[in-house]
Amino acid sequence: MRKIWLIFKREYVTRVRTKAFILGTLALPVLSMTILVVSIFLSGGRYGSTVKIAILDQTGELGGAVETSLIRNREKSQPDVEIVQIVERPTASVEAYFKSRVAGGEIDGVLLLPVGLIEGTADAEFQAKKLSAMAMLGPIERAVSNAVISRRLSEEGKHSGAMKDVFRLAKIQLVNPTSQNSDDSDENNFAIAIIAGMVLYMTLIVYGMSTMRSVMEEKSTRMIEILVSSIRPFDLLAGKILSVGAVALTQYLVWAVTIGVLFASAAGLADVLRPGAATPNISISPTLLIYLVVFFLAGYFLYAALYAAAGAIVSTDEEAHQVQMPLTLLIVCSFLLFNVILNNPNSTLSVVLSITPFLSPILMTLRLAMQTPPAWQIVLALILSIVTTIYVIRVSARIYRVGILMYGKKPSIKELRRWLRYS
Amino acid sequence: MDAVTLEQVTKRYDSFDAVSGLSFGIKEGSVFGLLGPNGAGKTTTLRMIVRILLPDEGSVRVFGQPLSDRTQDLIGYLPEERGLYRRMRALEVLRFLGALKGLPEAEAERRALEWLERLGLATRMNDEVNDLSRGMQQKIQFIAAIIHKPPLVILDEPFTGLDPVNAQVVKDVMLELRKDGATIILSTHRMDQVEQMCDSICLMNKGHKILDGDLKAIKKSYGTNTVRVEFVGNPAFMQLPDVIERVNSFGEMVELRLRPGADAQQILRSAIDHRVEIRRFELIEPPLNDIFIEKVSGRDA
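Residues numbered from 1 in each chain as written. Chains lettered and ligands numbered in written order. Predicted model: local features only at pLDDT ≥ 70, side-chain atom pairs only at ≥ 80, totals over all residues.

Time to look at the overall build of chain A. Of regular secondary structure, chain A possesses 18 helices and 4 strands. Within chain A, buried positions represent 34% of all 423 residues. (Helix = DSSP H or I, 4+ residues; strand = E, 2+ residues; numbered from the N terminus. Buried ≥ 20, exposed ≤ 12 C-beta atoms within 10 Å, placed from the backbone.)

Below you can see the structure in the form of structure tokens.
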């Protein structure tokens, strides 16, 4: 144990002192800080404040329907809307007046419904200056479409009420598929899931490769022979993998603390920088952080053991490149499957993928970030992952033990299998 | 008690046996030379003693105990392939390696400083290994092998790459270690060093032991069958096929191997007949080099 600790300490201290680690650790908080400050400056007001819109209706028939549709179908994510005025068949000077009010900031936007909109010969126009009003573009487009469609239908004499129901059903299915899955769904779940997935993906690759390079360094400097004359190869491997893992957790901790503090003080910061500005409301639940760490560790030990074995069987950078390729692809595979989970975290495919060893660390975290999967699935994913990891570590340790003393040509798969039998 | 005992040790690789059926014992407090041509299995044997490799058959004991984590700390090992962490400082490396051999870190650092001072590296102790010359790195590795005062020191080609001054410093330290009771295993190609330092030897070829025992006894068993001659003049006087089996020429000095039962005086007579001026004429035991070549090539034939 004492020797594992010595290896652990040396690796940890050497690694934490490197420029790469310091820069990597600072990059994320600095990036978040930048995003926060930029978003404070770009936003015109708090999302809570109302967006004031005037409707200039040259058709004289749509204004009321658009207003009703806009107010009734308001989504949670969208700012409050107030229709300050509806002017039917405005003159050019009235139009110019309203546009100047937008420019002057008295109202947030002007929606112009031109003649020919119902017939489809002209497009509606929305003028806005501030970011929060621009966010209204989507809802306004839908509201205008609704109004135009129902107007066309009633002109045709169809039973518009029934048709409207059909359209509404279609719309509900299209607009926000994720929000139906669970009640506790927050608007930021999606973003958090992607961020958590990306963090796992990046750190697994970065720290996996880091483990491999560390093995290769000891091999190429021939330090390994002195080391294994003092410590068992398995203990050396254990100390090394634990240490690189601890470095990664250190990085996580710095990130969690700095970004936590950053967002906690976001409102205060906004008041200082630009009073009345909106702050992005991102919250990460502590449970998710714990899961993130647990699944990072599950994935890290699995991949680090593989990367260590890969580092042990090669002697040159070129060979290293060849050997680490399949491992990295395995991690990239999880990344490519992000979409499956994000589209529907509860589909059979998503459930199976998120339980599959090698994929589970990233994909289960993704599901966890979006909603709460059944406990048995989480436990099963962990158990399968741990069992796989134990097996992989045993095989890797044997390959490592033989490989670290072998120089020259990279062994074939057949030779590797023989290595497993060496005493 | 023997410091090291090997019994019927075999190490197999896919296509060949690196070491087969090797047995020998090394007396505590002696200097033991492990000799053999390239690929004889010396390094594999040493690696089995330091437990880097495990034998497929047979047993290795150190101070009477089977190899274990505990015996690891009794051994200091300087591998033939040299290298240290490139980006670590000299003192840090030694503290780390000393601690890995069981010393408390403060003690490891204290001894490291002492040794760095003694081997003339004190001013470089805070330099990264990368910035040190090959010779300096080798001295640091040598310190790493002995910093924990191990009762068994294993040195694989300790002098290659050292200039004569540094080679002498290392040799002095080795002799001092022996005086303090340490057992030393020396693996080398340099026969002159073996003759100067070793008490007993084991000669290996192709994984087999072909000769072992006390060095003086081995040489004595060959008898004084060699004549060393220094001369000025025509070397034709040595053409005595009935008397001389082999000529080993170093220019003006030659070593002549006599045929069994031949009379060395005949060479002297022939020299006088050829009007060659003899400066030195000495009957000696065969040099280890000759025994080595004879044994190894005899096996090959």
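Moving on from the coordinates now.
A few words now on the packing of helix H10 (residues 233-264) of chain A against helix H17 (residues 375-403) of chain A. All names here are of chain A. Close contact between H10 and H17 brings their axes to 9 Å; oriented N to C, the two are set at 115°. Taken together, the axes of H10 and H17 are roughly perpendicular relative to one another. In this structure, the crossing between H10 and H17 has a hand that is right-handed. When H10 is examined against H17, the residues Pro233, Phe234 and Leu237 are found in contact with a partner set consisting of Ala397, Tyr400 and Arg401. (Axes fitted to C-alpha atoms, helices over the stretch in contact; angles between N-to-C directions. Parallel < 35°, antiparallel > 145°, perpendicular 65-115°, else oblique. Left-handed = near helix turned anticlockwise from the far one by under 90°. Contact = placed C-beta atoms within 7 Å.)

Okay, the interface of chain A and chain B next. With 15 residues of chain A at the contact, the number on the chain B side is 21 residues. Those elements giving two or more residues to the side of chain A that touches chain B turn out to be helix H1 (2-16) and helix H9 (223-228) of chain A. Looking at side-chain class alone, the side of chain A that touches chain B contains 6 nonpolar, 4 polar and 5 charged residues. (Nonpolar A, V, L, I, M, F, W, Y, C, P; charged D, E, K, R; others polar.)

Turning next to the sheet that holds strand S14 (residues 277-284) of chain B. Residue and element names in this part refer to chain B. Read from one edge to the other, the open sheet built from 4 strands follows the order S12-S13-S11-S14, with strand pairing classed as antiparallel. Only two strands of the sheet have a single partner each, and these edge strands are strand S12 (244-249) and S14. Direction aside, the axes of adjacent strands within the sheet are offset by 20° on average. In this structure, strand S11 (residues 226-232) lies alongside S14, joined through 7 bridges in antiparallel fashion. (Pairing = 2+ DSSP bridges.)

Residue and element names in this part refer to chain A. The geometry of helix H16 (residues 360-370) relative to H17 is characterised by a closest axis approach of 11 Å and an angle of 165° between their N-to-C directions. The angle between H16 and H17 falls in the class roughly antiparallel. Crossing angle aside, the handedness with which H16 passes H17 is left-handed. Contacts from Ser360, Pro361 and Met364 in H16 reach Ile378, Ala381, Leu384 and Ser385 in H17. Grouping the amino acids of the contact of H16 with H17 by side-chain chemistry returns 5 nonpolar, 2 polar and no charged.

Take the sheet that holds strand S4 (residues 125-128) of chain A next. Residue and element names in this part refer to chain A. The strand order across the open sheet formed by 4 strands is S2-S1-S3-S4, and the pairing between neighbours is mixed. Single-partner strands in this sheet number two, and they are strand S2 (81-88) and S4. Going from strand to strand, the sheet's axes swing by 20° on average, the running direction of each strand aside. Note: strand S1 (residues 51-57) against S2, 7 bridges, orientation parallel. When the bridges of S2 are listed, Lys52 appears paired with Glu82. Those strands touched by helix H4 (residues 92-104) are S1, S2, strand S3 (109-113) and S4, and its axis lies near 150° from that of S3.

Our next topic: helix H5 (residues 134-146) of chain B. Here H5 of chain B spans 19 Å end to end across 13 residues, near enough to the 18 Å set by a 1.5 Å rise per residue. Taken together, the buried positions of H5 of chain B are occupied by Gln137, Gln138, Lys139, Ile140, Gln141, Phe142, Ile143, Ala144, Ala145 and Ile146 of chain B. Where the residues of H5 of chain B are buried, they touch H9 of chain A together with strand S6 (75-78), helix H3 (90-100), helix H4 (105-118), strand S7 (152-156) and helix H6 (164-179) of chain B. (Expected span 1.5 Å × (residues − 1).)

Let's shift gears to the nonpolar core. Counting residues in each nonpolar core, the largest one holds 136 residues, and the members touching the most others are Ala304 and Ala308 of chain A together with Leu94 and Ile154 of chain B. For this core, the element with the highest residue contribution is helix H12 (residues 286-313) of chain A, accounting for 17 residues. Not counting the four nearest positions on each side in its chain, Ile154 of chain B is found in contact with Leu46, Ile49, Val50, Ile75, Gly76, Tyr77 and Ile185 of chain B. (Core = buried A, V, L, I, M, F, W, Y, C linked by C-beta atoms within 7 Å.)

On to unusual backbone geometry. Residue and element names in this part refer to chain B. Unusually for a residue other than glycine, Lys149 sits at a positive phi of about 45°. With a phi angle near 55°, Arg275 is a residue other than glycine that sits in the positive phi range. Position of Arg275 relative to the elements: it lies in the loop between helix H9 (265-273) and S14. The exposure class of Arg275 is exposed, given the 9 C-beta atoms found within 10 Å.

Take the confidence of the model for chain B next. Confidence along chain B averages 88 in pLDDT terms, with 99% of residues attaining 70 or more. Confidence estimates for the predicted assembly give a pTM of 0.72 and an ipTM of 0.82. (pLDDT = per-residue confidence, 0-100.)

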